[in-house]
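One letter stands for each residue in the lines below.
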Amino acid sequence: MAWILLIVAGLLEVAWSIGLKYTEGFTRLWPSVGTVAGIVASMLLLSQAARSLPIGTAYGVWVGIGAAGAAVLGMVVLGEPATAARIFFVVLLLVAVVGLKATSGH
């Protein structure tokens, strides 16, 4: 169950990080409310997952999902450059996330 919570927390991190773009510096009410709600929910789920997972693994997986997801959505949705180098490093992030999961002992 902790892994499911952690994956959902990571996906919420992707959502709120992309949501930051739409808040325009927290000057737009509803995008700001949604972004803050995503931050709070993501942190709460991360804290619940970290109760039974090693914190280094939980935090690393959470950050990895968030960073990789934000980079991919940035390229696909926001029109950021999708260079071979960027794609390579996103793949490396995902490999690191899988490696942390595989070596966590849980």
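Just so you know, these numbers come straight off a predicted model, no measurement behind them. (Residues numbered from 1 in each chain as written. Predicted model: local features only at pLDDT ≥ 70, side-chain atom pairs only at ≥ 80, totals over all residues. Heavy atoms only, no water.)

Undergrad: Pulling in residues and values, what's your account of the overall build of the protein?
TA: What the protein contains, in helices and strands, is four helices and zero strands. Along the protein, helices (α) and strands (β) appear in the sequence α-α-α-α when read from the amino end. What you see for the protein is a C-alpha radius of gyration of 14 Å, in line with the 13 Å of a compact globule of 106 residues. Principal-axis analysis of the C-alpha atoms places the extent of the protein at approximately 45 × 35 × 15 Å. For the protein, the proportion of its 106 residues judged to be buried stands at 31%. Of the contacts made within the protein by residues no fewer than 6 positions apart, 69% connect residues no fewer than 24 positions apart. Of the roughly 6200 Å² that the protein leaves accessible, carbon and sulfur atoms contribute 77%. (Helix = DSSP H or I, 4+ residues; strand = E, 2+ residues; numbered from the N terminus. Rg over C-alpha atoms; globule rule 2.2 N^0.38 Å. Buried < 20%, exposed > 50% of the residue type's maximum accessible area, 1.4 Å probe, protein only. Contact = heavy atoms within 4.5 Å. Areas by Shrake-Rupley, 256 points an atom, 1.4 Å probe, with all protein chains shown as cover.)

Undergrad: Lay out unusual backbone geometry in plain terms, naming residues and giving numbers.
TA: Even without being a glycine, Glu24 presents a positive backbone phi close to 50°. Tracing the backbone shows Glu24 in the loop between helix H1 (2–23) and helix H2 (29–49). Although it is not a glycine, Phe26 adopts a positive phi angle of roughly 60°. Turning to its location among the elements, Phe26 is positioned in the loop between H1 and H2. What makes Phe26 partly exposed here is its relative accessible area of 45%.

Undergrad: Got a sec to walk through the nonpolar core? Specific residues and values, please.
TA: If you look at the biggest cluster of nonpolar residues, it comprises 13 residues, and the most contacted ones within it are Leu6, Leu46, Leu53 and Val61. Broken down by secondary-structure element, the contributors of at least two residues to this core are H1, H2 and helix H3 (55–76). (Core = buried A, V, L, I, M, F, W, Y, C linked by side-chain atoms within 4.5 Å.)

Undergrad: How would you explain the packing of aromatic side chains if you had to name every residue and give the values?
TA: In the structure shown here, the tally under the stated rule is two aromatic pairs. Ring centres of Tyr59 and Trp62 lie 5.6 Å apart, and the angle between their planes is 40°; on these two criteria the pair is classed as tilted. One end of the pair is Tyr59 and the other is Trp62, both in helix H3 and three residues apart, which spans about a single turn. Considering the side-chain rings of Phe88 and Phe89, the 5.1 Å spacing of their centres and the 70° angle between planes classify their relative orientation as edge-to-face. The aromatic ring of Trp3 is capped on one face by Lys101, whose charged end is 4.7 Å from the ring centroid. (Phe/Tyr/Trp six-rings, centres within 6.5 Å; stacked < 30°, edge-to-face > 60°. Lys NZ or Arg CZ within 6 Å of the ring centre and 35° of its normal.)

Undergrad: Give a description of the UniProt feature "transmembrane region" (unreviewed entry) in the protein that names residues and reports values.
TA: With numbering aligned to this structure, UniProt lists the feature "transmembrane region" (unreviewed entry) at residues 27–46, 58–78 and 84–103. Strand forms 0% of residues 27–46 and helix 90%; the C-alpha atoms that close the span are 27 Å apart. Measuring from the first to the last C-alpha atom of residues 58–78 gives 28 Å, for a span that is 90% helix and 0% strand. (UniProt positions renumbered as here; feature names shortened; annotations may be inferred.)

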